[in-house]
Amino acid sequence: MEHELTIKGRAYVAGIYEHPTRHAPDKSIAQLHAEVARGAIEDAGLSKNDVDGYFLSGDAPGGTWPMVDYLGLKVRHIDSTDTGGSSYIIQLGHAAEAIAAGKCSVALITLAGKPRTGHSPVRSPGAEADFEAAYGATTHNAYGMCAMRHMHDYGTTAEQLAWIKVAASHHAQYNPHALLKDVVTVEDVVNSPMISDPLHRLDCCVVTDGGGALIVTSPEIARSLKNPLVRLIGHGEALKGPNGGKDFDLTYSAGVWSGPRAFEEAGVTPKDIKYASIYDSFTITVLMQLEDLGFCAKGQGGRFVADGNLISGVGKLPFNTDGGGLCSNHPVNRGGMTKIIEAVRQLRGEAHPKVQVKNCDLAIAHGTGGLLGVRHAASTAILERV
């Protein structure tokens, strides 16, 4: 029974779609959801009537039943797990679980929003608010604390962090939809305005309207469709928090648990990965996750990312070849969806020729949601071209 209880190879990503817009003052959030859903369904070569499972998160206006009704779906399985930016990588695993259990056979996952021209999803105060709100934590200073601590403990430098932005910009120049297309240098990054010491403006992700969607199917349905076959072979999810201050280490993320779980289920190691989609809300986010996932030892992330090691065609580990959240797209301030989409593009051989990884048959998509310096969720997906 232990060998049967796995999602390895039980679900395929059959359709993907990333909305081309980064600025949508003329569209509602529900309309953006509908447009990305249609795009993914059409990419898969299916129809709306084929969808029997719907997976959404906190960005969907009104939640499950209003969106199912708005999209005109008739589903027999729903899931509304919300873990911020990692929700969609978690939902990919949940969709695979549902398909493996026979709860649905064609799952739709959507993300959409317009924080650039509208508003972000409203989050009710958490249980921690009465104890922490007085200290003024923000997204930027929570990540700034992680960067400062990593520098203190391991000697990481601002210049090393800057190489992550430089790599993303080298890729973004080939993406016609990227918000920031200009290639930047290490000097550009470290000389940009300080936002939250030691993070500069160019260490931070973009803010964009838009969204994306996935169609996840059973193996039988995927094989009947036109797209190259991409299957999920490993998945992990985990949570991390300060535990009332009793276990508060700013130098690692929940990826230290979600990553090994995904690699174990997939039966592969970090050395086998040809392409990496890594959540990039800030440059420090990427560096810490690369360490936590096992691509380098803890404390060695600065050396690992330096000197173009993340640039496709130059370095050992091509990452975020669409430009990522640092340069291209971070819709609804949630970057997990686009990480999956670009990983699938690479596995299909559909990335831009200038950044396409040769013989790309194994990829990882990893994300975090929440605040890295406080409490957050992480999810890891290992995808394989069949």
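What counts, and at which threshold
- Residues numbered from 1 in each chain as written.
- Predicted model: local features only at pLDDT ≥ 70, side-chain atom pairs only at ≥ 80, totals over all residues.
- Heavy atoms only, no water.
- Helix = DSSP H or I, 4+ residues; strand = E, 2+ residues; numbered from the N terminus.
- Rg over C-alpha atoms; globule rule 2.2 N^0.38 Å.
- Buried < 20%, exposed > 50% of the residue type's maximum accessible area, 1.4 Å probe, protein only.
- Contact = heavy atoms within 4.5 Å.
- Expected span 1.5 Å × (residues − 1).
- Salt bridge = Lys/Arg side-chain N within 4 Å of Asp/Glu carboxyl O.
- Axes fitted to C-alpha atoms, helices over the stretch in contact; angles between N-to-C directions.
- Parallel < 35°, antiparallel > 145°, perpendicular 65-115°, else oblique.
- Pairing = 2+ DSSP bridges.
- Domains from an automatic or database assignment.
- Buried area = accessible area lost by both parts, 1.4 Å probe.
- Polar contact = N/O pair within 3.5 Å; in protein donor to acceptor, adjacent residues only side chain to side chain.
- Core = buried A, V, L, I, M, F, W, Y, C linked by side-chain atoms within 4.5 Å.
- UniProt positions renumbered as here; feature names shortened; annotations may be inferred.
- Lys, Arg positive; Asp, Glu negative; His and termini not counted.

For the protein, an unreviewed UniProt entry supplies the name Acetyl-CoA C-acetyltransferase and the organism Bradyrhizobium macuxiense.

> Let's hear about the overall build of the protein: which residues, and what values?
Tallying secondary structure elements over the protein gives 13 helices and eleven strands in all. Its C-alpha atoms give the protein a radius of gyration of 19 Å, near enough to 21 Å, the size a compact globule of 386 residues would have. Dimensions of the protein along its principal axes, counting C-alpha atoms only, are 55 × 50 × 45 Å. For the protein, buried positions account for 59% of its 386 residues. The contacts in the protein between residues at least 6 apart in sequence include a share of 76% that link residues at least 24 apart.

> How would you summarise helix α5 (residues 139-154) if you had to cite specific residues and measurements?
Helix length check: α5, at 16 residues, gives a terminal C-alpha distance of 23 Å against a target of 22 Å (1.5 Å per residue), a fit within 8%. For α5, the elements touching its buried residues are α6 (158-172), β5 (194-196), β6 (199-200), α10 (283-292) and β10 (362-370).

> An account of the pattern of salt bridges is requested, with residue identities and associated values reported.
Counted according to the given criterion, the structure contains 16 salt bridges. Between Arg375 and Glu132 there is a salt bridge whose closest N-O contact spans 2.9 Å. Of this pair, Arg375 sits in the loop between β10 and β11 (376-385) while Glu132 sits in helix α4 (residues 129-132), placing them 243 residues apart in sequence. You can call Arg375 partly exposed: its relative accessible area is 27%. For the salt bridge of Arg149 with Asp153, the shortest nitrogen-to-oxygen distance reads 3.2 Å. Of this pair, Arg149 and Asp153 both sit in helix α5, four residues apart, which is roughly one turn of that helix.

> Can you explain the packing of helix α3 (residues 87-100) against helix α13 (residues 336-348)? Please cite residues and give values.
Where α3 meets α13, the axes come as close as 6 Å, and the angle between the chain directions of the two elements is 60 degrees. One element, α3, and the other, α13, form an angle in the oblique class. Contact with α3, carried on its side by Tyr88, Ile89 and Leu92, involves Gly336, Met337 and Ile340 of α13 and no other residues of that element.

> Quick rundown of the sheet that holds strand β3 (residues 77-79)? Include the residues and the values.
Taking strand neighbours across the sheet as the criterion, the nine strands line up as β3-β2-β4-β7-β1-β8-β11-β10-β9 in an open arrangement whose pairing is mixed. Each edge of the sheet is formed by a strand with only one pairing partner; in this case those strands are β3 and β9 (275-278). When strand polarity is set aside, the average angle formed by the axes of neighbouring strands in this sheet is 25 degrees. Note that strand β2 (residues 53-55) and β3 share three bridges and pair parallel. Its bridge partner being in β3, Gly53 is matched across the sheet by His77.

> Can you break down the domain arrangement of the protein residue by residue, with the values?
Domain annotation for the protein reports domain 1 (11-117 + 209-231) and domain 2 (137-202 + 233-385). The centre of domain 1, based on its C-alpha atoms, is set 23 Å off from the matching centre of domain 2. Taken together, the contacts link 43 residues of domain 1 with 40 residues of domain 2. Counting the surface lost from both domain 1 and domain 2, the interface buries some 3,100 Å², and carbon and sulfur atoms represent 65% of this. Three residues, Arg22, Ile89 and Arg231, lead the burial of domain 1 against domain 2; their summed loss comes to 23% of the area buried on that side. Applying the counting rule to domain 1 against domain 2 returns five salt bridges. Linking domain 1 to domain 2 there are 16 residue pairs in polar contact (both at pLDDT 80 or more). Of all the elements in the fold, those that place two or more residues in the side of domain 1 that touches domain 2 are β1 (11-18), α3, β4 (106-113), β7 (210-217) and β8 (230-240).

> Describe the nonpolar core, listing the residues and the values that go with them.
Side chains that are nonpolar tend, in soluble globular proteins, to be buried together. Within the largest apolar cluster, 43 residues are counted, with the highest numbers of intra-cluster contacts made by Ile164, Ile284, Leu290, Leu310 and Ile382. Those elements that place two or more of their residues in this core are α5, α6, α9 (255-266), β9, α10, α11 (301-305), α12 (324-327) and β10. Sorting elements by how many residues they give to this core places α6 first, with six residues. The residues contacting Ile382, other than those within four sequence positions of it, are Arg231, Leu232, Ile233, Gly234, Ala262, Phe263, Ala266, Val268, Ile273, Leu362, Ala363 and Ile364.

> Account for the UniProt feature "domain: Thiolase C-terminal" (unreviewed entry) in the protein, with residues named and values stated.
In the UniProt entry, the feature "domain: Thiolase C-terminal" (unreviewed entry) is given for residues 245-384. Summarising residues 245-384: 31% helix, 16% strand, and an end-to-end C-alpha distance of 39 Å.

> Talk me through the side chain of Lys114; I want residue IDs and the actual numbers.
Mapped onto the elements, Lys114 comes out in the loop between β4 and α4. Lacking a salt bridge, the buried Lys114 has Asp209 as its closest oppositely charged neighbour, with an N-O distance of 5.7 Å. Of note is the side chain of Lys114, whose polar atom sits 2.6 Å from the backbone oxygen of Lys27.

> Now, about the pairing of β7: what can you tell me, with residues and values included?
Of all eight residues making up β7, eight are buried, and the element is well covered by its neighbours. Where burial is concerned, the two faces of β7 agree: the one with Gly210, Gly212, Leu214 and Val216 and the one with Gly211, Ala213, Ile215 and Thr217 are both buried. Bridging between β1 and β7 involves six bridges; their strand directions are antiparallel. Note on β7: the bridge partner recorded for Gly15 is Ile215. Taken together, the eight bridges between β4 and β7 define a ladder with antiparallel strand orientation. Looking at β7, one finds that Thr110 is bridged to Ala213.

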